[in-house]
Protein chains: 2
Amino acid sequence: MAVASWPAPYRFQRMSADHAPGQERSEVPEGLRHVDFSHGDVSAFPPPPEVVDAVTAALRDGGRYAYSPYRGHLFARELIAPRLSAFLGEPVDPGSEIIVTPGTQGGLFLALSSLVERGDKVAVVAPDYFANRKIVEYLEATPVPVELGYRTAAGEPALLDLEGLRAAFQSGARLLVFSNPNNPTGAVYTPGDIEAIAGLAAEFDAFVVVDQLYSRQIFDGRAFTHLRAHTRERCLTLLGPSKTESVSGCRVGVAVAPGPVVERMEQLQGIVSLRAAGYTQAALEPWFAETEGWLDQRIAAHALIRDELHEVFTGSGDVAARLTEGGSYLFLDVPAAKGRIDEFVARLRTEAAVTVTRGPEFGDFPASVRLNFSQDHQAAVDAARRIAAVAARL
Amino acid sequence: MAVASWPAPYRFQRMSADHAPGQERSEVPEGLRHVDFSHGDVSAFPPPPEVVDAVTAALRDGGRYAYSPYRGHLFARELIAPRLSAFLGEPVDPGSEIIVTPGTQGGLFLALSSLVERGDKVAVVAPDYFANRKIVEYLEATPVPVELGYRTAAGEPALLDLEGLRAAFQSGARLLVFSNPNNPTGAVYTPGDIEAIAGLAAEFDAFVVVDQLYSRQIFDGRAFTHLRAHTRERCLTLLGPSKTESVSGCRVGVAVAPGPVVERMEQLQGIVSLRAAGYTQAALEPWFAETEGWLDQRIAAHALIRDELHEVFTGSGDVAARLTEGGSYLFLDVPAAKGRIDEFVARLRTEAAVTVTRGPEFGDFPASVRLNFSQDHQAAVDAARRIAAVAARL
């Protein structure tokens, strides 16, 4: 047996990891500025300067930072716990209820690996972050899709299919995983839906993993409802400074959950990667304590990009998109791409110097693509016009 | 069902992760300087200054570093590939044969998860790094122990039980995982054993994961044999700057393996933690290219600590230890601790202000403890005397 034919463990077949968002490489046409919409541009929106200072100081003060408990430095957890308590609306105990993870992705992997048994059913919202489904498959469990109705009239809220969630729980699922704001649509769950999710979790003795990675970046003064405030004991909240704060390069995230779940995640961390990098954990020190006005300014700048992109797309006639309520994603419907989404994505690269993430990654969305519009404003608008042009030519 | 009783997935039961080396916390007596032998002291042996400079520069030059392909920055892989080729004695292709991982631990998890199917048998050396066995159990596979005979007369090489390895392969195992230098004994495998491992892998169509994390730190001018030089196509080599170079706080490691294995590890990285931190990947830039003499000096300083500790222990009569040939570990046999290893470890903390790692983590070693002697020289010697005193009182 040659190594090239070494059989892949079954979990790989289940993961269907052939498309790796953010991994696309190819030639882009000369003369155009390539815009990589698969993630934010940290040159356009750099991290808060305090973050760079904190990590640099940690590197120079090696002994204190290099090694931490697997769940992260206690001093960092103690620093952020009161801030997270204020944000989430329920007390957070720094000793037992927080684990620092290698990015929010690391937290998601540890959380699902700690809660999902092989053969389980797991309720997974569609559309939603691709890794939710892939990790469930990796664990040899079965995702049960629950629809988020996001294609609404302008101004109408996206609503979760609560009957679908009930049916998933009735069919045996004991876990729901979803992101709020929703990745990829940028929809924010209504207070009613969040309360209903908490209610169903209690009714069915279930647990909920909610990825709130983008929950500090809410537009138009909209209210945001934290699930933890409604069901502290049945809820694991994923947070982190990777998106709005542009700190992805540090790979630090945070999970807030009941002690026994944190305990189990930490055991697993001990064999997966030991800990988030000791030095970059210092990036959490200024988190939720940035200079007055920093966050407002960042939200305002993203709202302006959102508005202009949305205008370009809705004005084109060939592309439709829901107006983002939170986070930096736009999920485009491109009806002409149906049946040839890969061709569309490839032509966006070769004809428009644009990288996007394909809709099928997020569920059964054969004619959609996702954009992260945390980009240089003018470059993003120019690229959006090129996207609309390619869609028109399809 | 309360969350506290949420059933742990079966893989947790298999992992038996109750003891978490490096996680021990407890009161130490006043007046004594606590020595944490569970890992090296980066204040005593700091990272090469170039590492701190490189990561600091990366943080300030965010756009280039923040995001990388899941397998790591190409420019970093291209920089280290020729150095790794020279070190390992076989060409290493930077595009297809290297993946940068969140520490060498991250590489080990990705490697075993990419190669081990549920229900497989996996040959695991005993004693060896605890995570080898725990990850195999996490994957619901079965470790088959193969003995390393390390309790030899002074000056005699440790030898692997090659007949045991053959029997493991005969019983169906198709994978061997081991560390060289051996963790926890500091034994270096003989050229004959490495060649025999390569030969058995070929004979049984098997694959070998070798953790060479400490392979730059070889004492007494001893030769070190790289498995990859004998079986490039059947071998995955784990390396990284976390130990000798004291860069553990950056969480960067490297795996060198055939392209198809790297490919699969990268797919998995995409759901486990996306990538090693983009900024700290810069720590690889000066790796294997430190200031002339830096490595020799580091090895010499560690050899002096080793010699003095070894003298303290062998002179005591209550503790025996093999002289470390590579790396910074000493594995102590404390016959009086048999049947009460936990009491011994606890008394070391409370009576001697010393933290060590218990022998049973490494296999069936009920009366052993492991020390990482990369510590302040005098503090380590003082602590060794206190360890010998506690052993004498047992």
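Everything numeric in this text was worked out from a predicted model, so none of it was measured. (Residues numbered from 1 in each chain as written. Chains lettered and ligands numbered in written order. Predicted model: local features only at pLDDT ≥ 70, side-chain atom pairs only at ≥ 80, totals over all residues. Heavy atoms only, no water.)

Right, let's talk about the packing of helix α2 (residues 49–60) of chain A against helix α2 (residues 49–60) of chain B for a bit. Remark: α2(A) packs on α2(B), axes separated minimally by 10 Å, with the N-to-C direction vectors making an angle of 175°. It follows from the interaxial angle that α2(A) and α2(B) lie roughly antiparallel. For the pair formed by α2(A) and α2(B), the contact residues are V52(A), D53(A), V55(A), T56(A), L59(A) and R60(A) on the first element and V52(B), D53(B), V55(B), T56(B), L59(B) and R60(B) on the second. (Axes fitted to C-alpha atoms, helices over the stretch in contact; angles between N-to-C directions. Helix = DSSP H or I, 4+ residues; strand = E, 2+ residues; numbered from the N terminus. Parallel < 35°, antiparallel > 145°, perpendicular 65-115°, else oblique. Contact = heavy atoms within 4.5 Å.)

Looking now at the interface of chain B and chain A. One widely used convention gives an interface's size as the accessible area the parts lose upon coming together. Listed as interface residues are 81 residues of chain B and, on the opposing side, 81 residues of chain A. Across the interface of chain B and chain A, roughly 6800 Å² is buried in total on both sides, 59% from carbon and sulfur atoms. Inspection of the region where chain B meets chain A yields four salt bridges. Between R118(B) and E140(A) there is a salt bridge whose closest N-O contact spans 2.7 Å. Linking chain B with chain A are 16 residue pairs in polar contact (both at pLDDT 80 or more), by the criterion used here. (Buried area = accessible area lost by both parts, 1.4 Å probe. Salt bridge = Lys/Arg side-chain N within 4 Å of Asp/Glu carboxyl O. Polar contact = N/O pair within 3.5 Å; in protein donor to acceptor, adjacent residues only side chain to side chain.)

This brings us to the UniProt feature "domain: Aminotransferase class I/classII large" (unreviewed entry) in chain A. UniProt annotation of "domain: Aminotransferase class I/classII large" (unreviewed entry) refers to residues 45–380 of chain A when read in the numbering used here. Taken end to end, residues 45–380 of chain A is 38% helix and 16% strand, and its two terminal C-alpha atoms sit 13 Å from one another. (UniProt positions renumbered as here; feature names shortened; annotations may be inferred.)

Looking now at empty space enclosed by the protein. Inspection of the entire model under this criterion finds 10 cavities of 30 Å³ or more. Its volume calculated, the largest cavity comes out at about 430 Å³. Every residue lining the largest cavity is counted, 31 residues in all, and those nearest its centre are Y129(A), L213(A), K243(A), Y329(A) and L274(B). Ranked by residues supplied to the lining of the largest cavity, first place goes to helix α5 (residues 103–115) of chain A with three residues. In terms of lining, the second largest cavity is formed by R11(A), R118(A), Y138(A), L139(A), E140(A), R11(B), R118(B), Y138(B), L139(B) and E140(B). (1 Å grid on protein atoms, 1.4 Å probe; cavity = no way out; pocket = protein on both sides within 12 Å on 5 of 7 lines; lining within 4 Å. Points joined across faces, edges and corners; volume = space filled by probe spheres on them.)

Residues three or four positions apart in an α-helix share a direction because the helix packs 3.6 residues into each turn. Residues and elements named next belong to chain B. Look at helix α12 (residues 377–393): 25 Å from first C-alpha to last across 17 residues, which is about the 24 Å you get at 1.5 Å a residue. Along α12, the residues classified as buried are A379, A380, V381, A383, A384, R386, I387, A388, V390 and A391. Along its buried surface, α12 packs onto β1 (35–36), α10 (294–316), β11 (329–333), α11 (341–352), β12 (354–355) and β14 (368–372). (Expected span 1.5 Å × (residues − 1). Buried < 20%, exposed > 50% of the residue type's maximum accessible area, 1.4 Å probe, protein only.)

With that settled, consider the packing of aromatic side chains. Residue and element names in this part refer to chain A. According to the stated counting rule, one finds 29 aromatic pairs over all chains in the structure shown. Judged by centre distance (5.9 Å) and plane angle (55°), the rings of Y150 and F331 are tilted. Note that Y150 is positioned in the loop between β4 (142–149) and β5 (159–160) and F331 in strand β11 (residues 329–333), a separation of 181 residues in sequence. We classify F331 as buried; its relative accessible area is 2%. Judged by centre distance (5.7 Å) and plane angle (40°), the ring pair of F169 and F204 falls under tilted. Residue F169 is found in helix α7 (residues 162–170), and its partner F204 is found in the loop between α8 (191–203) and β7 (207–211); the two are separated by 35 residues along the sequence. F204 carries the same exposure label as F169, and that label is buried. Ring pairing ties together the aromatic residues Y129, F130, Y150, F331, F362 and F365, which thus form one cluster. (Phe/Tyr/Trp six-rings, centres within 6.5 Å; stacked < 30°, edge-to-face > 60°.)

Residue and element names in this part refer to chain A. With domains assigned, chain A is organised as domain 1 (22–47 + 293–393) and domain 2 (49–284). Computed over C-alpha atoms, the centres of domain 1 and domain 2 are 25 Å apart. Across the boundary between the two partners, domain 1 contributes 30 residues, which contact 34 residues of domain 2. Buried area between domain 1 and domain 2, summed over both chains or domains, comes out near 2800 Å², and the portion from carbon and sulfur atoms is 53%. Of all residues in domain 1, P47, R322 and E325 give up the largest surface area on contact with domain 2, accounting jointly for 27% of the area buried on that side. Our count for the domain 1 to domain 2 interface comes out at four salt bridges. (Domains from an automatic or database assignment.)

This part is about the pairing of β11(A). Residue and element names in this part refer to chain A. A large share of β11 lies buried, amounting to five of its five residues. Judged by which residues are buried, β11 turns out to be covered on both faces: Y329, F331 and D333 on one side and L330 and L332 on the other are all buried. In this sheet, β11 lies alongside strand β10 (residues 320–321) in antiparallel orientation, the contact comprising two bridges. If you follow A320 over to β11, its bridge partner there is D333. Across five bridges, the pairing between β11 and strand β14 (residues 368–372) is antiparallel. Each residue of the ladder has a partner; that of L330, found in β14, is L371. (Pairing = 2+ DSSP bridges.)

This brings us to the packing of α7(A) against α8(A). Two numbers describe a pair of packed helices, the interaxial angle and the distance between the axes. Residue and element names in this part refer to chain A. Interaxial distance between α7 and α8 falls to 11 Å at its minimum, and their mutual angle equals 15°. By the angle between their directions, the pair α7 and α8 is classed as roughly parallel. In the crossing of α7 with α8, the sense of the turn from one axis to the other is right-handed. On the side of α7, the interface is formed by L162, L165, R166 and F169, while α8 contributes D193, A196, I197, L200, A201 and E203. Its residues assigned to classes, the contact of α7 with α8 shows seven nonpolar, no polar and three charged. (Left-handed = near helix turned anticlockwise from the far one by under 90°. Nonpolar A, V, L, I, M, F, W, Y, C, P; charged D, E, K, R; others polar.)

Residues and elements named next belong to chain A. Strand order in this open sheet of eight strands is β2-β9-β8-β7-β6-β3-β4-β5, and the pairing throughout is mixed. The two strands at the open ends of the sheet, each matched to only one other strand, are β2 (98–101) and β5. Pairing between β7 and strand β8 (residues 235–239): four bridges, direction parallel. Counterpart to V209 in the pairing with β8 is L236. Set on the sheet, α7 makes contact with β3 (121–126), β4, β5 and β6 (175–179); between it and β4 the angle comes to about 165°. Across the sheet, helix α9 (residues 259–272) is in contact with β2, β7, β8 and β9 (253–256); its angle to β2 comes to roughly 30°.

In this fold, T190(B) is placed in the loop between β6 (175–179) and α8 (191–203). In this structure, T190(B) is in contact with P157(B), A158(B) and L159(B), ignoring residues within four places of it in sequence.

Turning next to unusual backbone geometry. Put simply, A126(A) and P127(A) share a cis peptide bond, and its omega is 0°. Structurally, P127(A) is set in the loop between β3 and α6 (130–138). Positive phi, close to 60°, is recorded for D220(B), a residue that is not glycine. Note on placement: D220(B) falls in the loop between β7 (207–211) and β8 (235–239).

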